[in-house]
Amino acid sequence: MAKFKIATPAGASFTVAGGGYDYEMEPLQGIDAEIVEGPAEEDGFIKFAQDADAIYAKGMRFSKKVVDGLPEKCRAIVLGSVGVDSIDIAAATRPWHAGDKLP
């Protein structure tokens, strides 16, 4: 298992459906990271992403429930698309301090 886990909902990548994540992995060369697919529904994804360092948000809505359910160690939610309408921006950008427990 790689040092850094990037969790993403199962489904088409930026490259092609079922074609892997070669394009997304290009900027990650040189670090021990992997992109791993999980469930594309809220509760399943929250459970799957509990050890994720980052999220590649695609294929599902990242509601406040999903954002709040991510682990403290998850430091980034990234998109490979234009716009952020699939992410609850207020939940994803609220101020917090290291060590705080998420509500």
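This text goes with the structure placed above it.
Residues numbered from 1 in each chain as written. Predicted model: local features only at pLDDT ≥ 70, side-chain atom pairs only at ≥ 80, totals over all residues. Heavy atoms only, no water.

Our focus in this paragraph is the pattern of salt bridges. Applying the stated criterion across every chain, the model contains four salt bridges. For Asp53, the salt bridge goes to Lys73, with nearest N and O atoms at 3.3 Å. Of the two residues, Asp53 sits in the loop between helix 2 (42-48) and strand 3 (54-56) while Lys73 sits in the loop between helix 3 (64-69) and strand 4 (76-78), which places them 20 residues apart along the sequence. Residue classification places Lys73 among the partly exposed residues on the basis of a relative accessible area of 40%. (Salt bridge = Lys/Arg side-chain N within 4 Å of Asp/Glu carboxyl O. Helix = DSSP H or I, 4+ residues; strand = E, 2+ residues; numbered from the N terminus. Buried < 20%, exposed > 50% of the residue type's maximum accessible area, 1.4 Å probe, protein only.)

Okay, the environment of Phe45 next. With respect to the element layout, Phe45 can be found in helix 2. Linking Phe45 and Val66, residues 21 residues apart in sequence, is a C-alpha distance of 7.8 Å. In contact with Phe45, other than residues within four places in its own chain, are Ala7, Thr8, Pro9, Pro39, Ile55, Met60, Phe62, Val66 and Leu70. (Contact = heavy atoms within 4.5 Å.)

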